[in-house]
Amino acid sequence: MASSPGSSSKPTPELSLFHVTMMGLGMMIGAGVFLGMGISIGEAGPGGVVLTFALNGLLAMLTALTFAIYTVRFANALGWPDGLYKLFGAANPQSVEMTLVKIVAVVTAITFIYINFRGASETGKIGAFITMGQTLFVVTIGVVGIVTAIKDPARLANFTPFMPKGWSQLLVTMGFTYVAFEGYEVIAQAGDEAIDPRRNLPKAMIYSVCIVTTIYILVAFATVVSVKTGTQGVEGPAWQWIGSFHEKGFGEAVSRLMPFGNFILTLAVIFSSTSALNATIYSATRASYALGRDSMLPKFFALIHTAKKTPYGSLIATSVVILIVTTVLPTKDVASSASIMFLFLFFMVNLCVIKIRRSMADELTYGFLMPLFPLFPILAIICQIVLAVWLVHMSIIAWIVAPIWILIGLGIYWFYARSRATTTEDEILILEEQKHHKKPLEGKYPIMVAVANPANATQLIQSTYRLCGAKDAHLELIHMVQVPDQISLHDAEKYTHIGKEGLFEVMLSLALHFPISTTIRYCRNVARGIVSAIREKKTKMLVLGWHGATHHTLFNLGSKIDPIIEQSPCNVVVLKGCGGNKVFKSALVPIAGGPNGALALEIASILTAPDEGMVTAFSVDTGRGVVDFDQFVGVNSKKFDIPRENLRTKTVKAESAVKAILKEAKNHDLVVLGTTHKPLLAQMGRMSLPEKIACRSPKPVVMVKSDSGVRSWIRRWI
Amino acid sequence: MDKDVLIGIILTAAALLTVITLTVLSRVSIERIASDGFKTARQTLKGKNNGK
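Residues numbered from 1 in each chain as written. Chains lettered and ligands numbered in written order. Predicted model: local features only at pLDDT ≥ 70, side-chain atom pairs only at ≥ 80, totals over all residues. Heavy atoms only, no water.

Here we look at the overall build of chain B
- Scanning chain B from terminus to terminus reveals two helices and zero strands.
- For chain B, buried positions account for 38% of its 52 residues. (Helix = DSSP H or I, 4+ residues; strand = E, 2+ residues; numbered from the N terminus. Buried < 20%, exposed > 50% of the residue type's maximum accessible area, 1.4 Å probe, protein only.)

In structure tokens form, the structure reads like this:
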């Protein structure tokens, strides 16, 4: 009945937008709000509790937007502690009913494990039915609260004083109730089984957060107006009375609001706990299935049942963990660490979304593009750090348990998964790596030269020779193998001969003069492969060639060069038409005053003939303000040790800087330009000035980009 | 009306309104991208800046 793991065995897509939205809602509406409401009113006051849920909703939305971008690609295995919290959070381990509670818990868990085994459709339908029930209950409470306030407006006086213990308490209650907004990430696990996942999963995440925020605000409002001050048993302000019951405060308030309030609340708790468990089993099963499929866990986790199409291997493993935790471990301590793990998970997702957008923006196609990127992930990261730090005051055990749990996960990855993980199409493979020197490289300046083919190699040799000589460099030659998408990466080796010829050309000329290493790598995206190698080799300067012509509507210089210039964490030198045995007696360096201009001056002084070479620092006064040209040149000539007799300055007045520079370029052998330092978004619209000159100049051109570290990154990206 | 109540109402309304606005805008964006075809970040931004 069971099939072995393989690419042909996949769960079938059966879950609609409604099903996955309900799955997210089911995970969120539960003990977090039911138990947190009373305590929050006691801490933050009547107004503070409403504000707590409103602001937490906004924070949850920021992370949901991040999640929505990569829902189909990401999975997590941290869902089950939250479900346990919702299911057993209210149980007192010391109570005499403990055994009975545990038996009920085990029976309930087994029931939902079986439902999950039956298939995603059954899981989704039953989960949706249960979630509808619990949503209906909480909406009813909210509506009754509004009707009560309309009928008896005097109850609105319960909101005064608004924040009796001060506004600082808001942070306390936000951290405490954030668990009520954790759960929408379970939707990400449904990628394999959702219908039209790239459209439906992001929508489901955002819908569920919006719905739950509205419901929570309604319920918080209803809780505050549910009690009338001065009625039987209510002494003092209403918020104080509700708060005095702590986690039972919400139940007491609802029982005052409507008949059978406590009974309805009990039903709501049962519905929410069971739906959370259902979604939790589903989530944990799919996460471990995905890890098994990618060989990061044993293949047992990737087993799919032939008839039911459910991942029964991971379901068995999940069931064992859930049943052990249910019967043996103190759930209160496990649950307390769940919040930290969720915050850690959200924190990682927000970091990853920034990193992936930066390094794979030209490879991934997006079902949803976040507005004002990366503002929302950064805001969410800051808020999550604040909330996580605050949890130290709530539970020290949580800050011990959660890091241990995370370390276990890292240990499994490091000692088991890392060496076994299936190679994906997005990875970078090292096909060949050789050192052609025996001398130590300490103190040598690492320069990397990207060689595409023999013709490109000859373009690079002379300039590389000069750069290496001036910098006392160690040379790393890299060739990224370009393999068509339809060809398997295992066949990449067949495409290395052109690169080997190119590397040989460069080595033939330079190996006697400088220590050289070579590396041939494969990556579907050449730019990402080169940037990755730069990071790995700690390269300080990258040299590459550019053919000059560009007809691409998306890129300024080219689909490979643009991302390399944008992302390389080192100085970049792009050479156009610098091949052969050209002698550059005079170089033109247009200056705008930025860090790239300074590097351009240095490179120009290196590439021009040592004795008779002349560098002209050139500035165009277009009437829009000019940099302190003489000071800039003076400072940088000293910095880079450029002899003053080999450096002159020239300023002209002109309406068009491009025309003036191109006109002046005719009198020189070489043009050296700094790339634009405008933000990337501004460059998307139209080509910037340096790129225009580089494209139109009939003379050899060198474009340079200086690495200015974090400051440069922030300026370019935000 | 008490100053704290006024600030509280404004903050709550603003937070809820922002959540709803982001939901609506995201939905429009998701539907548009789904109908126009999935694109890379550069393709989408370039299209926007060119007024396409």
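So that's the structure; there's more coming.
Digging into the packing of helix H1 (residues 17-28) of chain A against helix H7 (residues 197-225) of chain A
Residues and elements named next belong to chain A.
- Running from N to C, H1 and H7 cross one another at 45 degrees; their axes reach a closest spacing of 8 Å. With respect to their mutual orientation, H1 and H7 come out oblique. Crossing hand, H1 versus H7: right-handed. In this structure, H1 uses Leu-17, Val-20, Thr-21, Gly-24, Leu-25 and Met-28 to contact H7, whose residues at the interface are Asn-200, Leu-201, Lys-203, Ala-204, Tyr-207, Ser-208, Val-209, Ile-211, Val-212 and Tyr-216.
- By residue class, the composition of the contact of H1 with H7 is eleven nonpolar, four polar and one charged. (Axes fitted to C-alpha atoms, helices over the stretch in contact; angles between N-to-C directions. Parallel < 35°, antiparallel > 145°, perpendicular 65-115°, else oblique. Left-handed = near helix turned anticlockwise from the far one by under 90°. Contact = heavy atoms within 4.5 Å. Nonpolar A, V, L, I, M, F, W, Y, C, P; charged D, E, K, R; others polar.)

A closer look at the interface of chain A and chain B
- With 44 residues of chain A at the interface, the matching set in chain B holds 32 residues.
- One salt bridge in this structure joins Lys-203 of chain A and Glu-31 of chain B, with 2.3 Å as the shortest N-O distance.
- Applying the counting criterion to the chain A and chain B interface returns four residue pairs in polar contact (both at pLDDT 80 or more).
- Those elements giving two or more residues to the side of chain A that touches chain B turn out to be helix H2 (31-69), H7, helix H18 (561-567) and helix H22 (680-685) of chain A.
- Among the elements that take part in the side of chain A that touches chain B, H7 of chain A stands out by supplying ten residues, more than any other. (Salt bridge = Lys/Arg side-chain N within 4 Å of Asp/Glu carboxyl O. Polar contact = N/O pair within 3.5 Å; in protein donor to acceptor, adjacent residues only side chain to side chain.)

Focus: the pattern of salt bridges
Residue and element names in this part refer to chain A.
- Under the criterion given, the structure shown has 14 salt bridges over all chains.
- Among the ionic pairs, Asp-152 bridges to Lys-228, the shortest N-O distance being 3.0 Å. Of this pair, Asp-152 sits in the loop between helix H5 (120-151) and helix H6 (169-177) while Lys-228 sits in the loop between H7 and helix H8 (238-243); the two residues are 76 residues apart in sequence, bridging distant segments of the chain.
- We classify Asp-152 as buried; its relative accessible area is 17%.
- Taking the shortest distance from any N to any O, the salt bridge between Lys-537 and Glu-433 comes out at 3.3 Å. Here the residue Lys-537 occupies a position in helix H17 (residues 526-537), and Glu-433 occupies one in strand S3 (residues 429-435), the gap between them amounting to 104 residues.
- Through salt bridges with shared partners, a single network forms among Glu-433, Glu-476, Arg-521, Glu-536 and Lys-537.

Regarding the side chain of Ser-319 of chain A
- If you trace the backbone, Ser-319 of chain A turns up in helix H11 (residues 312-327).
- On the basis of relative accessible area, Ser-319 of chain A is assigned to the buried category, the value being 9%.

Comments concerning the nonpolar core
Residues and elements named next belong to chain A.
- Met-37 and Tyr-216 are the most contacted members of the largest nonpolar core, which has 104 residues in total.
- Here this core takes 18 residues from H2, the largest share from any one element.
- Apart from residues lying up to four places away in sequence, Met-37 is in contact with Val-49, Phe-53, Tyr-216, Val-219, Ala-220, Thr-223 and Phe-250.
- Formed by 52 residues, the second largest nonpolar core is a distinct cluster that contains Leu-477, Leu-607, Val-615 and Leu-647. (Core = buried A, V, L, I, M, F, W, Y, C linked by side-chain atoms within 4.5 Å.)

A look at the packing of aromatic side chains
Residue and element names in this part refer to chain A.
- For the coordinates displayed, the defined rule picks out ten aromatic pairs over all chains.
- Centre to centre, the rings of Trp-241 and Phe-245 are 4.9 Å apart; their planes meet at 75 degrees, and the pair counts as edge-to-face.
- Consider the rings of Phe-300 and Phe-301, whose centres lie 5.9 Å apart with planes at 80 degrees: the pair is edge-to-face.
- In textbook terms, an aromatic cluster arises when at least three aromatic residues are bridged by ring pairs, as seen for Phe-53, Phe-181 and Tyr-216.
- The lysine or arginine in question, Arg-418, covers the ring of Trp-414, its NZ or CZ lying 3.9 Å from the ring centre. (Phe/Tyr/Trp six-rings, centres within 6.5 Å; stacked < 30°, edge-to-face > 60°. Lys NZ or Arg CZ within 6 Å of the ring centre and 35° of its normal.)

Observations concerning the confidence of the model for chain A
Residue and element names in this part refer to chain A.
- Per-residue confidence for chain A gives a mean pLDDT of 79; residues scoring 70 or more make up 84%.
- Model confidence for chain A, summarised as mean pLDDT per element, is weakest for helix H3 (residues 80-88) at 36 and strongest for strand S4 (residues 445-450) at 94.
- Note that pLDDT drops below 50 for residues 1-8; the model gives that stretch 15 contacts with residues more than four away or on any other chain.
- Contacts from residues 72-97, a stretch scored under 50 in pLDDT, to residues over four places away or in other chains number 62 contacts. (pLDDT = per-residue confidence, 0-100.)

Observations regarding the sheet that holds S3 of chain A
All names here are of chain A.
- Taken in spatial order, the eleven strands make up an open sheet running S3-S6-S5-S4-S7-S8-S13-S12-S9-S10-S11, and their pairing is mixed. Each having just a single partner strand, S3 and strand S11 (647-653) make up the two edges of the open sheet. Looking at each pair of strands side by side, their axes are set apart by 20 degrees on average, direction ignored.
- Two strands pair when backbone bridges link them, and S3 and strand S6 (residues 516-522) are joined in this way by six bridges, in the antiparallel orientation. Its bridge partner lying in S6, Gln-434 is registered against Thr-518.
- Set on the sheet, helix H16 (residues 497-510) makes contact with S3, strand S5 (473-481) and S6; between it and S5 the angle comes to about 165 degrees.
- Strand contacts of helix H19 (residues 595-607): strand S7 (541-545), strand S8 (571-576), strand S9 (586-590), strand S10 (614-621), S11, strand S12 (670-674) and strand S13 (701-705), with the helix running at about 135 degrees to S13, the strand carrying the most contacts. (Pairing = 2+ DSSP bridges.)

Section: the pairing of S7 of chain A
All names here are of chain A.
- Of all five residues in S7, four are buried, a share of seventy percent or more.
- Strand direction decides the pairing type here: S4 and S7, joined by four bridges, are parallel. Each bridged residue has a counterpart across the sheet, and for Met-448 the counterpart in S7 is Leu-542.
- Here S7 runs beside S8; their pairing, made up of five bridges, is parallel. Its bridge partner lying in S8, Met-541 is registered against Asn-571.

Examining H17 of chain A
Residues and elements named next belong to chain A.
- For H17, which comprises twelve residues, the first-to-last C-alpha distance of 16 Å matches the rise-based estimate of 16 Å (1.5 Å per residue) to within 8%.
- Burial in H17 covers these residues: Val-526, Ala-527, Arg-528, Gly-529, Ile-530, Val-531, Ala-533 and Ile-534.
- You can read the cap of H17 off the contacts: a side-chain oxygen lies 3.2 Å from the backbone nitrogen of Ala-527, and it is on Asn-525.
- Just downstream of H17 lies Lys-538, where phi reads positive at about 55 degrees. (Expected span 1.5 Å × (residues − 1).)

Some points on the environment of Ala-600 of chain A
Residue and element names in this part refer to chain A.
- Looking at where Ala-600 falls in the secondary structure, it is placed in helix H19.
- Take Ala-600: its relative accessible area is 0%, and that puts it in the buried class.
- The residues touching Ala-600, leaving out its near neighbours within four places in the chain, are Val-589, Val-672, Leu-673, Gly-674 and Val-704.

Section: a nonpolar patch on the surface
- There is a patch of nonpolar side chains on the surface, built from Val-392, Ile-396, Trp-399, Ile-400, Ile-404, Trp-405, Ile-408 and Ile-412 of chain A and spanning about 730 Å² of accessible area.
- Broken down by element, the nonpolar patch gets its largest block of residues, seven residues, from helix H14 (residues 396-420) of chain A. (Patch = residues over 30% accessible without salt bridge, like charges linked within 9 Å, V, L, I, M, F, W, Y side chains within 5 Å. Areas by Shrake-Rupley, 256 points an atom, 1.4 Å probe, with all protein chains shown as cover.)

Side note on the packing of H19 of chain A against helix H20 (residues 629-639) of chain A
Residues and elements named next belong to chain A.
- Direction vectors running N to C along H19 and H20 enclose 55 degrees, while the axes themselves pass 10 Å from each other. When the axes of H19 and H20 are compared, the pair comes out oblique. By crossing handedness, the relation of H19 to H20 is classed as right-handed. Packed against H19, whose contacting residues are Gly-597, Ala-598 and Leu-601, the element H20 presents Phe-632, Val-633 and Asn-636 at the interface.

Quick look at the environment of Lys-639 of chain A
Residue and element names in this part refer to chain A.
- Looking at where Lys-639 falls in the secondary structure, it is placed in helix H20.
- On the basis of relative accessible area, Lys-639 is assigned to the exposed category, the value being 60%.
- Sequence separation between Lys-639 and Ala-598 is 41 residues; the distance between their C-alpha atoms is 9.2 Å.

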